[in-house]
Amino acid sequence: MTDSEIIIQADGLKMQYGNYVVMESLDFVVRRGEVKVIMGGSGCGKSTLLKHLIGLERAAAGEIRYYGKVFDPDAVSADAIRRRFGVLFQSGALWSSMSVAENVAMPLEEYTDLKPSEISEIVEFKLSLVGLGGFGHRFPAELSGGMRKRAGLARAIALDPEILFFDEPSAGLDPLSSRRLDDLILELRDALGATVVVVTHELASIFAIADRALFLDADSKRALCDANPNDLVDDLSADFKVRDFLKRGELNVND
Ligand SMILES: Nc1ncnc2c1ncn2[C@@H]1O[C@H](COP(=O)(O)OP(=O)(O)O)[C@@H](O)[C@H]1O
Ligand SMILES: [Mg+2]
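The rules behind each value
Residues numbered from 1 in each chain as written. Chains lettered and ligands numbered in written order. Predicted model: local features only at pLDDT ≥ 70, side-chain atom pairs only at ≥ 80, totals over all residues. Near = placed C-beta within 6 Å. Helix = DSSP H or I, 4+ residues; strand = E, 2+ residues; numbered from the N terminus. Core = buried A, V, L, I, M, F, W, Y, C linked by C-beta atoms within 7 Å. Buried ≥ 20, exposed ≤ 12 C-beta atoms within 10 Å, placed from the backbone. Contact = placed C-beta atoms within 7 Å. Expected span 1.5 Å × (residues − 1). Pairing = 2+ DSSP bridges. Axes fitted to C-alpha atoms, helices over the stretch in contact; angles between N-to-C directions.

### Section: the site of ligand 1
- Taken together, Tyr17, Val22, Gly40, Ser42, Gly43, Cys44, Gly45, Lys46, Ser47 and Thr48 make up the full set of residues adjacent to ligand 1.
- It is helix α1 (residues 46–53) that provides the largest number of residues to the shell around ligand 1, a total of 3 residues.

### A look at the nonpolar core
- Residues Val37, Ile38, Ala154, Val197, Val198 and Phe215 are the most contacted members of the largest nonpolar core, which totals 63 residues.
- Non-local contacts of Ile38, meaning those with residues more than four positions away in its chain, are made with Lys46, Leu49, Leu50, Val197, Val199, Leu214 and Leu216.

### Topic: helix α5 (residues 145–156)
- For α5, which comprises 12 residues, the first-to-last C-alpha distance of 17 Å matches the rise-based estimate of 16 Å (1.5 Å per residue) to within 8%.
- Most of α5 sits inside the fold, with 9 of its 12 residues counted as buried.
- For α5, the complete set of buried residues consists of Arg148, Lys149, Arg150, Ala151, Gly152, Leu153, Ala154, Arg155 and Ala156.
- Buried residues in α5 make contact with β6 (85–88), α3 (100–111), α4 (116–129), β7 (163–167) and α6 (175–192).

### Things to note about the environment of Val21
- Assignment of secondary structure puts Val21 in strand β2 (residues 20–31).
- Once residues within four sequence positions are removed from consideration, Val21 is found in contact with Lys14, Gln16 and Lys221.

### Description of the sheet that holds strand β8 (residues 195–199)
- Here we have 6 strands laid out as an open sheet, ordered β6-β7-β8-β3-β9-β10, and mixed in their pairing. This sheet does not close on itself; its edge strands, each paired only once, are β6 and β10 (222–227). Strand-to-strand, the axes of this sheet are offset by a mean angle of 15 degrees, without reference to chain direction.
- Taken together, the 5 bridges between β7 and β8 define a ladder with parallel strand orientation. Across the sheet, residue Phe166 finds its bridge partner in β8, namely Val198.
- α5 contacts β6 and β7 of the sheet and is inclined by roughly 160 degrees relative to β6.

No statement about biological role is implied by the geometric values presented.
Below is the structure:
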């Protein structure tokens, strides 16, 4: 893994809203096929970082590179990069007035010239990948929370993205559905050959899926580490805040 191609690179990234600095001096890379977790306490800037990575927010300083090229969200060239993204936000927002199949078909209708019959075929295939084969005719309200997340995932992978971004994918799910979603993220990474960036503060998910985890610390406004979480727990040289964060589970197994 160490030599594989760098897909995303952040150099001296600074993020702020107005005068309020959220994070600064962020330097990290995401390599091909890796699952990178962005972790840290509530309000530290995880979602903000994700928004910068996909170009919904502009860096206050520093830069983000994709495939070695600087990503300027406002440049025309950014569209080609965005086409390679699949994004699943916290809400997982599906259109409630459309069937699941229609939701998944939307990006294909918008961005491709495929015929309706071809689109239907792809939609059914993507739904089967997330374990929702045969459920396309249902409406979001007719699905469980876990199924809605998976439907959102089917939509996020409709265009065969190279890079998948998730913001708190298991928020609001029971532990079993959450674990199934983690498994699914890894399966999709393998099936699509995708690179994955996941924002989460849930320990079970962090240990289950992260190849490397970037810890954002709200106090210092810096990333304190970027390593495999299993290595960090017992690494006495790791910052105590990171170890505390990763050992929460020992204090409260229900956390
Ligand atoms: N659009 C915004 N305008 C101003 N401040 C914001 C905005 N979005 C988030 N923030 C602030 O930035 C900080 C980081 O937020 P966020 O990235 O959502 O944290 P996290 O996802 O880690 O919980 C918080 O203090 C939050 O209140
Ligand atoms: Mg968030």
